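Residue-level structure breakdown
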Amino acid sequence: MSKPLRIAIAGLGTVGAGIVKMVQTHGELLARRAGRPLEIVAVSARSKGKDRGVGLSGYAWEDDPVALAKRDDVDLLVEVMGGEDGPAKACVEAALASGKHVVTANKAMLALHGQAMAEQAEAAGVALRFEAAVAGGIPIVKALTEGLAGNSISRVMGVMNGTCNYILTKMDATGESYGDVLKEAQALGYAEADPTVDVGGIDAAHKLSLLAATAFGTRVAFDKVEIEGIERITLQDIHNAADMGYKIKLLGVAQQNEDGLEQRMQPCLVPTASPLGQLEGVSNMVVVEGDFIGQTVYQGPGAGEGPTASAILGDIMDIARGLVIPAFGQPAKGLAQPNISSTGSDAAYYLRFSLTDEAGVLAKLAAILGDHSVSVNRMHQYGHDGKTAPLVIVTHQTPRASLDAALAEISALNASLAEPVALRIESL
Ligand SMILES: NC(=O)c1ccc[n+]([C@@H]2O[C@H](COP(=O)([O-])OP(=O)(O)OC[C@H]3O[C@@H](n4cnc5c(N)ncnc54)[C@H](OP(=O)(O)O)[C@@H]3O)[C@@H](O)[C@H]2O)c1
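Residues numbered from 1 in each chain as written. Predicted model: local features only at pLDDT ≥ 70, side-chain atom pairs only at ≥ 80, totals over all residues. Heavy atoms only, no water.

Bringing the overall build of the protein chain into the picture now. Broken down by element type, the protein chain carries 13 helices and 16 strands. In terms of C-alpha radius of gyration, the protein chain reaches 24 Å, essentially the compact-globule figure of 22 Å for 428 residues. In terms of its C-alpha atoms, the protein chain occupies a principal-axis envelope of roughly 80 × 45 × 35 Å. By the burial criterion, 54% of the 428 residues in the protein chain qualify as buried. Pairs at least 24 residues apart make up 74% of the contacts formed inside the protein chain by residues separated by at least 6 positions. For the protein chain, the accessible surface area stands at approximately 17400 Å², while carbon and sulfur atoms represent 51% of it. Here the protein chain holds 35 positive side-chain charges and 49 negative ones, and the gap between their average locations is 6 Å. (Helix = DSSP H or I, 4+ residues; strand = E, 2+ residues; numbered from the N terminus. Rg over C-alpha atoms; globule rule 2.2 N^0.38 Å. Buried < 20%, exposed > 50% of the residue type's maximum accessible area, 1.4 Å probe, protein only. Contact = heavy atoms within 4.5 Å. Areas by Shrake-Rupley, 256 points an atom, 1.4 Å probe, with all protein chains shown as cover. Lys, Arg positive; Asp, Glu negative; His and termini not counted. Charge placed at Lys NZ, Arg CZ, Asp CG, Glu CD.)

Shown next as structure tokens:
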């Protein structure tokens, strides 16, 4: 058998401990498949004494992850500490500078520094891989860079944050409020104490920006993702959507329009009967559309020790077998600066208004929508309490700019009691 692939792991939390467990459990299987042993040589974390539920005595310990990355007896660094800058970035850069392969689960870091890191890896002739950073255990990066490499991709979309999907499906199933379900998700460990990065759509947008770069051969443009979280979704929205045959999902969509790349992470309505509509709990789903293949759907666990370790090991195994492909599926220097779509694509929208309950308001609202050529498909008024009249409207296909102009005008009315909610109905 060939010489071992010598691995260093920076970070021994949920993911790092999972990787150690997987290598220890499947050492023989992995060696047989790779044609060489995978050998963990050294590890690093903040606190050396912490019990991590795995035996670490056979591995060297480094307090400093950068020193770990520079060790002479290491071929590959796994970075699973997290954080977009700081020690994670420093140790990845140090590993690449010293000619070591890097496997990371760190979407926040790659969303900001992925282009520079991919260029650094290629200049050094080593691999930079990040399967675990996007949709957890689902091998979606591999699907895009390998299995679907012959296709021109038109759209990539999906549910990429398990916490948000858990909250939305639990609200739907139990009738509990957003706040109550969020608290439960925190108690179960699905949501952080500060949930902003998840419920605000930022974590999922990091992932979408990496998928968009991979699918469309463009530089990662996280700062150009239109982001909206799920904080404003009410139980009433979920029930209204259900009545019309839809589910509400935090949906990421990247697609090539005639005028450029559109990237959005926002709550959308999807048909209940579609695979995305059927997605329950913390699962993730990614849908990829290519010109020769048509539509493909990938579903699986989006986070957790086992699934994330599984994705990391998939990358490590490729490297052990000698497969070094560019991080984003094509040489990094050839990745184009994305031309961002200025208009976005047209869609039908679900609109919810909170209006004063008085004569003439509805006519005013309808007139404003008409002035901006936003045509109404259906309208439903519910739950008058004498003061407010909640109103739901579903539009026909409309350009986003027309809708935004109409909503701005409606918001400015004295009769408008709260910022209107506008959710796109995604056509699948
Ligand atoms: N958890 C998931 O399901 C999941 C899924 C996909 C991607 N990811 C990504 O994977 C990465 C790790 O996530 P995780 O959930 O495993 O995090 P975690 O449980 O918080 O573990 C982080 C680890 O990094 C170590 N660490 C943090 N700062 C350090 C520093 N300055 N120097 C040395 N070690 C340091 C910590 O050491 P101590 O243990 O000593 O404190 C800990 O072992 C993140 O980028 C995350 O976004 C996670």
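Lining the immediate surroundings of the ligand are 22 residues, of which Leu12, Val15, Ser47, Arg52 and Gly304 lie closest. Serine 47 has a polar backbone atom sitting 2.7 Å from an oxygen atom of the ligand. Alone, the ligand offers 900 Å² of accessible surface; in the complex the protein occludes 77% of this. Here the residues of the shell around the ligand are counted per class, giving 10 nonpolar, eight polar and four charged. (Near = heavy atom within 4 Å. Polar contact = N/O pair within 3.5 Å; in protein donor to acceptor, adjacent residues only side chain to side chain. Nonpolar A, V, L, I, M, F, W, Y, C, P; charged D, E, K, R; others polar.)

Attention now moves to a nonpolar patch on the surface. On the surface, Leu188, Tyr190 and Val282 cluster together to form a nonpolar patch covering roughly 260 Å² of accessible area. Of note, leucine 188 is situated in the loop between helix 7 (178-187) and helix 8 (196-199). (Patch = residues over 30% accessible without salt bridge, like charges linked within 9 Å, V, L, I, M, F, W, Y side chains within 5 Å. Salt bridge = Lys/Arg side-chain N within 4 Å of Asp/Glu carboxyl O.)

Turning to the packing of helix 4 (residues 107-124) against helix 9 (residues 202-216), a few remarks are in order. Viewed as axis vectors pointing N to C, helix 4 and helix 9 meet at an angle of 50 degrees, and their least axial separation amounts to 9 Å. When the axes of helix 4 and helix 9 are compared, the pair comes out oblique. Our pair here, helix 4 against helix 9, has a crossing hand that is left-handed. Facing Lys107, Ala108, Leu110 and Ala111 of helix 4, the residues of helix 9 in contact are Asp203, His206, Lys207, Ser209 and Leu210. Taken together, the residues of the contact of helix 4 with helix 9 break down into four nonpolar, two polar and three charged. (Axes fitted to C-alpha atoms, helices over the stretch in contact; angles between N-to-C directions. Parallel < 35°, antiparallel > 145°, perpendicular 65-115°, else oblique. Left-handed = near helix turned anticlockwise from the far one by under 90°.)

Structurally, cysteine 91 is set in helix 3 (residues 86-97). Assessed through its relative accessible area of 0%, cysteine 91 is described here as buried. Along the chain, cysteine 91 and glycine 277 lie 186 residues apart, while their C-alpha atoms are 40 Å from each other. Ignoring any residue separated from it by four or fewer positions in sequence, one finds cysteine 91 in contact with Ala10, Pro65, Val66, Ala69, Leu77, Glu79 and Met81.

A few words on helix 10 (residues 235-243). Structural remark: α-helix, 3.6 residues per turn; residues separated by three or four positions point the same way. Considered for burial, the residues of helix 10 that qualify are Asp237, Ile238, Asn240 and Ala241. For helix 10, the buried positions fall inside an angular range of 165 degrees around the axis, keeping them on one side. Taken together, the buried residues of helix 10 touch helix 6 (162-174), strand 9 (246-257), strand 10 (260-271), strand 13 (348-356), strand 15 (388-395) and strand 16 (421-425). Looking one or two residues past helix 10, glycine 245 carries a phi angle of roughly 90 degrees, positive in sign. (Arc of directions from axis to C-beta.)

A separate point is the sheet that holds strand 1 (residues 5-10). Judged by pairing direction, the sheet is parallel, and its six strands sit side by side in the order 3-2-1-4-5-6 without closing on themselves. What marks the edges here is a single partner per strand, and that holds for strand 3 (60-61) and strand 6 (128-129). Bridge count for strand 4 (residues 76-79) against strand 5 (residues 101-104) is four bridges, and the pairing is parallel. Residue pairing for strand 5: glutamate 79 is matched across the bridge by threonine 104. (Pairing = 2+ DSSP bridges.)

Our next topic: the domain arrangement of the protein chain. If you check the domain split of the protein chain, you get domain 1 (5-104), domain 2 (140-301) and domain 3 (348-425). Each of domain 1 and domain 2 has a C-alpha centre, and the two are 30 Å apart. (Domains from an automatic or database assignment.)

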